[in-house]
Amino acid sequence: MKKRSLIYLLPAVLFMSCSDEPINELETETGIDKSEIPFDNIELAFPGEAGKVADVYFAGKKIPVENINGSLVYQGDIIFADDMVTNLPIKIVYNKGEKPSQQKSVGRTSSYWPDNIVFYDIDGSLPDQSRVTDAIAHWESNTAVKFVQRSGESNYVYFTPGGGCSSYVGMVGGRQNITLASGCSTGNTIHEIGHAVGLWHEQSRIDRDNYITINFENIASGTEHNFRTYEESGYDGDEFTSTLDFGSIMLYSSYSFSNNGQPTIVKKDGSTYSAQRSGLSSGDTEGISSMYPGETGTGGTVAPPPTEPEPTPTEPEPTYINGEYYTIAGLTVLRKKDKWLYKKDRGGWQEVELIDGTWYNVD
Ligand SMILES: [Zn+2]
């Protein structure tokens, strides 16, 4: 994974009940015989519940979120804090001479847990807390991330009961809940912790179309937004491994959000696959080691910095093609006559130029 390929990013539909029987409330609602539905153990914050889908702005781009019980839910099991999004576009194009604000995206690069340490606490009323301790033990023995019981720290993960399985992505500041319904397994908990440390769903990779086909015709109406890449949804991110990892614990299954029992995600040869929720795959741990370097199993023991700074690899100048759209520094721009144009909210095109990573209007 080179970028968050482990992208671990987002969500899906079913999850296991205590009896290991899959529960698929969406399919039940649509009258599909769930006995025909292959096992699907995906996480949902509010299984069986739907909310109004509304567009909000995150890092200057419009993304769809579902408002369920007052929570802003993105891709099934990711919760947005109210102050992470706005109803109006965040300013990302400035006039010359204007000083850009410090408003930065909350992309995963800025929302890692410092020093590889995730502080946490467990709600005393959470049943079967071994799900949490087992999931944490799994993380600590397979990654360099360390989990420390909170003692007054202000930023921490709080494992608490909820209607489904859900998490925020990355460290958001303050207390951030991971909700675990009784049906959320240890594997689901490992998945939600993946979100909390910054992973997107694996099928949200930018390059996912090289490996999978999304069958939009089989997706339950109103849930299509769950199948966007993180980039299409306005997020920053990185693929940290070179290919999509079908073994990733962050991958949706072939039947996630199906409206008809037919697969919503298939491999390029048309075949289906099942999503595992047993543990982190080798691809998962590879990506996590890029985000949280250190010796595996030592929990946060980070290698000392090299005495000599590593040379920054020089990247070839990108070649932009006139007539093509690109998304750069949060703005979707059209290349035309070797200049950049973007479409303003009220219509019309504005020429802009990129200076030190910030877009400025060209008079
Ligand atoms: Zn998820």
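Above this text sits the structure in question.
Residues numbered from 1 in each chain as written. Predicted model: local features only at pLDDT ≥ 70, side-chain atom pairs only at ≥ 80, totals over all residues. Heavy atoms only, no water.

Undergrad: Would you explain the sheet that holds strand β11 (residues 165-166) in this entry?
TA: The strands that make up a sheet are held in pairs by hydrogen bonds between backbone atoms, and each pair lies either parallel or antiparallel. Within the open sheet, the five strands sit side by side as β9-β8-β10-β12-β11. Their pairing is mixed. Lying at the two open borders of the sheet, with one neighbouring strand each, are β9 (146-149) and β11. The strands that helix α2 (residues 130-142) touches are β8 (117-122), β9, β10 (156-160) and β12 (175-180); relative to β9, the one it contacts most, it runs at about 140 degrees. Sitting on the sheet, helix α3 (residues 186-197) touches β8, β9, β10, β11 and β12, and the angle it makes with β12 is about 160 degrees. (Pairing = 2+ DSSP bridges. Helix = DSSP H or I, 4+ residues; strand = E, 2+ residues; numbered from the N terminus. Contact = heavy atoms within 4.5 Å. Axes fitted to C-alpha atoms, helices over the stretch in contact; angles between N-to-C directions.)

Undergrad: How should I be thinking about the coordination of the zinc ion in this particular structure?
TA: Geometrically, a metal with four donors at the corners of a regular tetrahedron has ideal angles of 109.5 degrees, and one with six donors at the corners of a regular octahedron has ideal angles of 90 or 180 degrees. For the zinc ion, the full set of protein donor atoms is Asp77 (OD), Asp77 (OD), His191 (NE2), His195 (NE2) and His201 (NE2), at a range of 2.1 to 2.6 Å. Written as a sequence motif, the donor residues of the zinc ion are D-x113-H-x3-H-x5-H. Highlighted residues: His191 in helix α3 and His201 in the loop between α3 and β13 (212-214), separated in sequence by ten residues. Exposure remark for His191: the relative accessible area of 0% places this residue in the buried category. (Donors = N, O, S within 2.8 Å, 3.2 Å for Na, K, Ca; no water. Buried < 20%, exposed > 50% of the residue type's maximum accessible area, 1.4 Å probe, protein only.)

Undergrad: Honestly, helix α4 (residues 282-291) in this entry has me stumped. Any pointers?
TA: Burial in α4 covers these residues: Gly283, Asp284, Gly287, Ile288 and Met291. The arc that holds every buried residue of α4, seen down its axis, measures 130 degrees, which confines them to one face. The inward-facing, buried residues of α4 contact α2 and α3. One side-chain oxygen at the N-terminal end of α4 lies 3.3 Å from the backbone nitrogen of Gly283; it belongs to Ser281. (Arc of directions from axis to C-beta. Polar contact = N/O pair within 3.5 Å; in protein donor to acceptor, adjacent residues only side chain to side chain.)

Undergrad: Quick question: what am I supposed to make of α3 here?
TA: Three- or four-residue spacings in an α-helix give side chains the same orientation, since the helix completes a turn every 3.6 residues. Across its twelve residues, α3 extends 17 Å between first and last C-alpha, which sits within 8% of the 16 Å expected from 1.5 Å per residue. Across the twelve residues of α3, eleven count as buried, placing the element largely inside the fold. For α3, every residue scored as buried is listed here: Gly187, Asn188, Thr189, Ile190, His191, Glu192, Ile193, Gly194, His195, Ala196 and Val197. Capping the start of α3, Ser185 holds a side-chain oxygen 3.2 Å from the backbone nitrogen of Gly187, two or three residues further along. Count one or two residues on from α3 and you reach Gly198, which has phi positive near 120 degrees. (Expected span 1.5 Å × (residues − 1).)

Undergrad: Quick question: what am I supposed to make of the packing of α2 against α3 here?
TA: Two packed helices can be described by the angle between their axes and the distance between those axes. The geometry of α2 relative to α3 is characterised by a closest axis approach of 9 Å and an angle of 60 degrees between their N-to-C directions. Taken together, the axes of α2 and α3 are oblique relative to one another. When you trace α2 past α3, the crossing you get is right-handed. Every residue of α3 that contacts α2 at Arg131, Val132, Asp134, Ala135, Ile136, His138 and Trp139 is listed here: Thr186, Thr189, Ile190, Ile193, Gly194 and Val197. Here the contact of α2 with α3 is built from residues that sort into seven nonpolar, four polar and two charged. (Parallel < 35°, antiparallel > 145°, perpendicular 65-115°, else oblique. Left-handed = near helix turned anticlockwise from the far one by under 90°. Nonpolar A, V, L, I, M, F, W, Y, C, P; charged D, E, K, R; others polar.)

Undergrad: Could you clarify how one ought to interpret the side chain of Asp245 in this entry?
TA: Note that Asp245 resides in the loop between β13 and β14 (265-267). Although Asp245 is buried, it makes no salt bridge; Arg205 carries the closest opposite charge, 7.7 Å away. At a separation of 2.5 Å, a polar atom in the side chain of Asp245 contacts the side chain of Ser281. (Lys, Arg positive; Asp, Glu negative; His and termini not counted. Salt bridge = Lys/Arg side-chain N within 4 Å of Asp/Glu carboxyl O.)

Undergrad: Teacher, can you tell me more about the packing of aromatic side chains here?
TA: Each aromatic ring pair is described using two quantities: the centre-to-centre distance and the angle formed by the ring planes. Under the criterion given, the structure shown has eight aromatic pairs. The interplanar angle of 75 degrees and the centroid separation of 6.2 Å between the aromatic rings of Tyr120 and Phe159 together place this pair among those described as edge-to-face. Residue Tyr120 is found in strand β8, and its partner Phe159 is found in strand β10; the two are separated by 39 residues along the sequence. Phe159 shares its class with Tyr120; the two are buried. Note on Phe227 and Tyr252: the rings are 5.8 Å apart at their centroids and 80 degrees apart in plane angle, and the pair reads as edge-to-face. (Phe/Tyr/Trp six-rings, centres within 6.5 Å; stacked < 30°, edge-to-face > 60°.)

Undergrad: Please explain the environment of Ala181 as it appears in this structure.
TA: Inspection of the secondary structure assignment puts Ala181 in the loop between β12 and α3. On a C-alpha basis, the gap between Ala181 and Leu44 in space is 9.7 Å, while along the polypeptide they are 137 residues apart.

Undergrad: Looking at this model, I keep getting lost on the nonpolar core. Mind explaining?
TA: Residues Trp139, Val145, Phe147, Val157, Phe159, Ile193 and Val197 are the most contacted members of the largest nonpolar core, which totals 31 residues. Those elements that provide at least two residues to this core are β8, α2, β10, β12, α3 and α4. If near-sequence neighbours (up to four positions away) are discounted, Val157 is found in contact with Trp113, Val118, Phe119, Tyr120, Asp121, Gln176, Ile178 and Ala196. (Core = buried A, V, L, I, M, F, W, Y, C linked by side-chain atoms within 4.5 Å.)

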